[in-house]
Amino acid sequence: MSSAASDCCKRQGDNSDVGEAFVSLYYFDGAPTLVQLQDFTTTCELLLNTIDNISADLTRDNSTNLYGAFVSGAAIIKNRVTNSPKLIDVGAMVVFTDGEDFAGLQTFEDAQNAVADLEADENKIDVYTIGAGETADDQVLEALGYSGYFAAEDFNTLTPTFESIATELNSEVNSYY
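In this report, the structure presented in the accompanying data block is examined. (Residues numbered from 1 in each chain as written. Predicted model: local features only at pLDDT ≥ 70, side-chain atom pairs only at ≥ 80, totals over all residues. Heavy atoms only, no water.)

## Quick notes on helix H3 (residues 66-82)
Put simply, the rule reads: Helix and strand assignments follow DSSP, with helices taken as H or I runs no shorter than four residues and strands as E runs no shorter than two, numbered in order from the N terminus. In this analysis, the expected span of each helix is defined as 1.5 Å times one less than the number of residues it contains. The criterion used for residue contact is that any of the two residues' heavy atoms lie within 4.5 Å.
An ideal rise of 1.5 Å per residue puts 24 Å on 17 residues; H3 measures up with 24 Å between its terminal C-alpha atoms. Buried positions along H3 lie against strand E2 (35-41), strand E3 (92-97), helix H4 (108-120), strand E4 (126-132) and helix H5 (138-144).

## Considerations on the packing of aromatic side chains
Operational definition: Pairs were defined over the aromatic rings of Phe, Tyr and Trp, the Trp ring being its six-membered one, requiring ring centres within 6.5 Å. Orientation was assigned from the angle between planes: stacked under 30 degrees, edge-to-face over 60, tilted for the rest. Accessibility here uses a 1.4 Å probe with only protein chains present; expressed as a share of the type maximum, an area under 20% marks a residue as buried, one over 50% as exposed, and anything in between as partly exposed.
Scanning the entire structure with this criterion turns up two aromatic pairs. With centroids separated by 5.9 Å and ring planes inclined at 65 degrees, the aromatic side chains of Tyr67 and Phe108 adopt a geometry described as edge-to-face. Here Phe108 lies in helix H4 and Tyr67 lies in helix H3, a separation of 41 residues in the sequence. In this structure Tyr67 comes out as buried when scored by relative accessible area, which is 14%.

## Comments concerning the sheet that holds E4
Applicable threshold: Any two strands with at least two DSSP bridges between them are considered paired. Note on method: axes are straight lines fitted to C-alpha atoms, helices fitted across the in-contact stretch only, with angles between N-to-C directions ranging 0 to 180 degrees.
Across the sheet, which stays open at both edges, the three strands sit in the order E3-E4-E5 with parallel pairing between neighbours. Here the strands that pair on one side only, and so sit at the sheet edges, are E3 and strand E5 (148-152). In this sheet, neighbouring strand axes are inclined to one another by 15 degrees on average, regardless of whether the strands run parallel or antiparallel. Relative to E4, E3 is paired through six bridges, and the arrangement is parallel. Residue Phe96 lies in a different strand from E4, and its bridge partner there is Ile130. Against the sheet, H3 engages E3 and E4, with an angle of about 160 degrees to E3.

## Re the nonpolar core
The criterion, for reference: The set of buried Ala, Val, Leu, Ile, Met, Phe, Trp, Tyr and Cys residues whose side-chain atoms join them within 4.5 Å is what this entry labels a nonpolar core.
In this structure, Leu66, Phe70, Ile77, Met93 and Leu118 are the most contacted members of the largest nonpolar core, which totals 23 residues. Broken down by secondary-structure element, the contributors of at least two residues to this core are H3, E3, H4 and H5. In terms of residue count, the dominant contributor to this core is H3 (seven residues). The residues touching Met93, leaving out its near neighbours within four places in the chain, are Phe70, Gly73, Ala74, Ile77, Val115, Leu118, Ile125, Asp126, Val127 and Tyr128. Core analysis: the second largest hydrophobic core is formed by 10 residues, Phe96, Tyr128, Phe150 and Ala152 among them.

## Some remarks on the side chain of Ser147
The test is simple: Two N or O atoms count as a polar contact when they lie within 3.5 Å, although within protein this holds only if one can serve as hydrogen donor and the other as acceptor, and sequence-adjacent residues are included solely when both atoms are side-chain atoms.
By the element assignment, Ser147 lies in the loop between H5 and E5. Among the polar contacts listed, one links the side chain of Ser147 to the side chain of Asp126, at a separation of 3.0 Å. Sequence-distant contacts of Ser147, defined by excluding residues within four places in its chain, comprise Lys124, Asp126, Val127, Tyr128 and Glu168.

## Here's the deal with H4
Note the threshold: The directions considered for the arc are those from the helix axis to the C-beta atoms.
Compared with an ideal rise of 1.5 Å per residue, which puts 13 residues at 18 Å, H4 spans 18 Å between its outermost C-alpha atoms and is within 8% of the ideal. Among the residues making up H4, those that are buried are Ala111, Ala114, Val115 and Leu118. For H4, the angular spread of buried residues about the axis comes to 85 degrees, placing them on one side. With respect to the buried face of H4, the exposed residues turned more than 90 degrees away are Asn113 and Ala120. Buried residues in H4 make contact with H3, E3, E4 and H5.

In structure tokens form, the structure reads like this:
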């Protein structure tokens with residue numbers, strides 16, 4: 001996964017003709033809150049360093065709070081776009097998981113409402129989902145990723161998936177200029 005995300009980061013930074021791509025990284029497990037790994041930045045090196053340091057030691061709860069990740073992530077990206085000092089700010093949330101929600105801290109409906117709020121926002125913040133492996137809940141991820149759902153059979157097939165999302169995001173950023 002690390003090399004696929006690294007390729008995406010490099011591609012994202014190289015392809016935006018006029019806009020800046022601010023990216024942040026968050027981690028979720030079964031705990032109620034997301035863990036911020038990297039605040040919003042345009043510096044690919046910071047993101048790559050953060051990605052390289054992702055390890056199993058981050059896990060606080062072996063369950064998966066997938067729905068909570070959508071609810072919390074939606075609030076974070078909406079706040080970022082809404083409070084941006086830029087005239088035009090495009091936002092997107094990409095949720096990557098290899099599982100389904102087992103934590104039960106939020107409901108599917110909570111997650112649906114959070115992403116529907118992003119879609120209805122005047123800035124229409126895109127939501128992409130990536131499911132890796134056999135345990136990913138394709139039906140849920142397809143429903144919540146209204147901008148696109150990508151299924152990856154395993155971690156080795158993630159590079160083209162991340163590249164597809166980066167290309168779509170760059171196209172959207174550059175379409176405003």
